[in-house]
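Spelled out, the chains give:
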Amino acid sequence: MQSIKLEHMNRINILDKKIVELIAAGEIVERPASAVKELVENSIDAGANMISVHIKNGGIKFIKISDNGSGICKQDVKKAFLKNATSKVKDIYDLNFIKTLGFRGEALASISSISKLELITRIKKEDVGSRYLITGGEEEKFEDFGCPVGSVFTIKDLFFNTPARMKFLKSDVAEANAISGIIDKITLSHPEISFKYVRDDKEILNTSGDGKIFSCIYSVYGKEFSENLIPIDYELKNIKISGFISKTSYGRASKSMQHFFVNNRYVKIKIGSVALQEAFKSSMISGKFPSCVLYINLSYQAVDVNVHPSKTEVRFMDERFIFDTIYYGTKNALLKYDNQVIITSNFKEDKDKIFEKYYIPNEEFEKFEAINNFENIAKKNVEPELVQKKSDFMKNKFNYLINSMIKEEKQQTFEEKNDTLKILGEIFKCYIVLQNNPQELILVDKHAAHERLIYEKLKSNKISENSQVLLEPVMINLEKSEYSAILENLDLISKVGYKIEDFGSGNLIVRSIPVYLNTSDISNSIIEISNYILKNKNNLDINHLDWLYYSISCQGAIKSGKISNNLEILDLIKKLLNNSEIKHCPHGRNIFFSILKKDLDKKFSRK
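Residues numbered from 1 in each chain as written. Predicted model: local features only at pLDDT ≥ 70, side-chain atom pairs only at ≥ 80, totals over all residues. Heavy atoms only, no water.

Draft legend 1. Expanded view of the packing of aromatic side chains. Within the structure shown, the criterion is met by nine aromatic pairs. Look at Phe 225 and Tyr 250: their rings are 6.3 Å apart centre to centre, the planes differ by 65°, and that puts the pair in the edge-to-face class. In this pair, Phe 225 sits in helix α6 (residues 213–227) while Tyr 250 sits in the loop between β10 (239–246) and β11 (258–262), placing the two residues 25 residues apart along the sequence. When sorted by exposure, Phe 225 lands in the same class as Tyr 250, which is buried. (Phe/Tyr/Trp six-rings, centres within 6.5 Å; stacked < 30°, edge-to-face > 60°. Helix = DSSP H or I, 4+ residues; strand = E, 2+ residues; numbered from the N terminus. Buried < 20%, exposed > 50% of the residue type's maximum accessible area, 1.4 Å probe, protein only.)

What follows is the structure in structure tokens.
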């Protein structure tokens, strides 16, 4: 083996303090969202009940965070920007009782070393506040300044002196959406605080700070998400969970809307997601995931938050107790919800008996009655334009039924045209059974077959032929990373028939969809596409849209587990006969296979 010549090796150097600070800053502040998170958490720790966040150009050029917290006293202002300077930890024993969101004393030192920062602050005991300017870690000005109690941090030109890190930032839209995601989660973690969020001079969020979790969720994620939640409140072995879980009918294509908060700190808990999924196992369609906004409260000694610099990961003293509490709490909430469903279908029962049995508040019962009498209510309130739209829609539906009747007439001649092939029916709500001459039985996977037919159609048609305009546009609320993924790829997605517009704050308006999609599949289709983009963002190619075709064809295909009517089966078999070269679904699975009579005879010991 060739020996190493020591004279050619690099010598070990002690890094300059400035370089060390920049490296450390990169670990704490990876992007503008990191800076916003650290500063907002500092505002919360300072006791603020009103916090506003203003950003421009994705936070790269401008971030301003104002609060009405306790502020920083004049003699501590400069000290606050030193590394490992903190008011939240005094000795090693404090690490066992961490109640604050921040505690490392690294955020201000890191942010100020890679930006142009201004702090204006005052405490209640001081008549005059302080103004401190620091650029790239170097002090520029420190002076008295008139201001209210609290703190205002203004950060300009983030990463101006670290061009290498600047290269890895994404578009302004993507960086702003990352900040929006952070604001959403922090807002949910503290419903008792009024948050205001302004993005490029447009107000995105403004919460009341009334402490009501549901109104906070509504402000952040909108009507559709909020209306599909049920409350949860449960305690086991000194671990308490509260908040909301999604209804069993509101399954999503990903886990992106599962939010967990431990002692009011947003964290990622794998065990929490597993417990939630297990509790929903027999209640939700396979392949779909429940959503939640769950608050877990336990002793500060039972959880270690000093695990990761970003503080989004924690370690529990006993994960089993966490699993059990979430699992049984979720099961309990679902059971209570099922009881409410029973009530909605029993209006003829005596009200007092129902209340006595299920404890449903009177105002809730009135809501059920209103829903039950919706048609009578609607007749009095529907606008003429909407009536016309509905009328046109019904005409189209009528025409479709007429065409279906014509198809049904043609069904009688199917065996005549295909004298060797006979449709026997369907088994297991999944496979179509055909007899091909007296000697062969053919089983067809209806979902796989339909999926491949749609896939081929998508590949061969023009955009205009693939697209259908919705009678009523559909609004979809997405988690901020999903939202960003769609917005950044609108041109690509439009190639297969979608027309989507940005409505702000994680909301999209869908005006057109691929012609093969059912309107009930729109939300799941968009979520699946967004998650594919997030996982494969480096391999998206506008010239190769197979991944989009796969997603649409899978969503639009006849579903297994649901009985198909004779018209659907007939139409599918006809199309397969006209595309005899098709043998596999887009994912490579067999569409059909045959069983010969002679092989069955062997199984039954026939000669």
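Draft legend 2. A look at the sheet that holds strand β6 (residues 150–156). Overall, mixed pairing links the eight strands, which are arranged β5-β4-β3-β6-β2-β1-β7-β8 in an open sheet. Both outer strands of the open sheet, β5 (138–145) and β8 (202–206), are each paired with one neighbouring strand and no more. Between one strand axis and the next, the sheet turns by 10° as a mean value, whatever way the strands run. Strand direction decides the pairing type here: strand β3 (residues 116–122) and β6, joined by seven bridges, are antiparallel. Paired with Leu 117 across the strands is Ile 155, a residue of β6. Each of β1 (50–56), β7 (194–199) and β8 touches helix α5 (residues 172–189); the most contacted strand, β7, lies at about 175° to it. (Pairing = 2+ DSSP bridges. Axes fitted to C-alpha atoms, helices over the stretch in contact; angles between N-to-C directions. Contact = heavy atoms within 4.5 Å.)

Draft legend 3. Quick peek at unusual backbone geometry. Here the phi dihedral of Asp 157 falls at roughly 50°; this positive angle occurs in a residue that is not glycine. By the secondary structure assignment, Asp 157 is in the loop between β6 and α4 (163–166). Owing to a relative accessible area of 22%, Asp 157 belongs among the partly exposed residues under this scheme. In the Ramachandran plot, Asn 264 falls in the positive-phi region, its phi being about 65° despite a non-glycine side chain. With respect to the helices and strands, Asn 264 occurs in the loop between β11 and β12 (265–267).

Draft legend 4. Here's a closer look at the environment of Phe 168. You can see Phe 168 is positioned in the loop between α4 and α5. Through-space distance from the C-alpha of Phe 168 to that of Arg 31 is 8.9 Å; in sequence the pair is 137 residues apart.

Draft legend 5. Representation of the pairing of strand β9 (residues 229–236) in the model. Sheet topology note: the β9/β10 ladder contains eight bridges and is antiparallel. Of the residues in β10, the one forming a bridge with Leu 236 is Ile 239. Hairpin remark: β9 followed by β10, antiparallel, with two residues in the connecting loop; positive phi at Lys 237, about 50°.

Draft legend 6. Spotlight on the side chain of Asn 228. Relative to the helices and strands, Asn 228 resides in the loop between α6 and β9. Side-chain polar atoms of Asn 228 contact the backbone oxygen of Glu 224, separated by 2.8 Å. If near-sequence neighbours (up to four positions away) are discounted, Asn 228 is found in contact with Ile 245, Ser 246, Lys 247 and Tyr 250. (Polar contact = N/O pair within 3.5 Å; in protein donor to acceptor, adjacent residues only side chain to side chain.)

Draft legend 7. Examining the pattern of salt bridges more closely. Inspection of the entire model under this criterion finds 19 salt bridges. Note that Arg 252 is salt-bridged to Glu 482, the shortest N-O span being 3.2 Å. Residue Arg 252 is located in the loop between β10 and β11, and its partner Glu 482 is located in helix α16 (residues 480–487); the two are separated by 230 residues in the primary sequence. Take Arg 252 and Glu 482: they sit in the same class, and that class is buried. The salt bridge partner of Lys 281 is Glu 278, with a shortest N-O separation of 3.6 Å. Taking the relative accessible area as the measure of exposure, Glu 278 reaches 32% and is therefore partly exposed. (Salt bridge = Lys/Arg side-chain N within 4 Å of Asp/Glu carboxyl O.)

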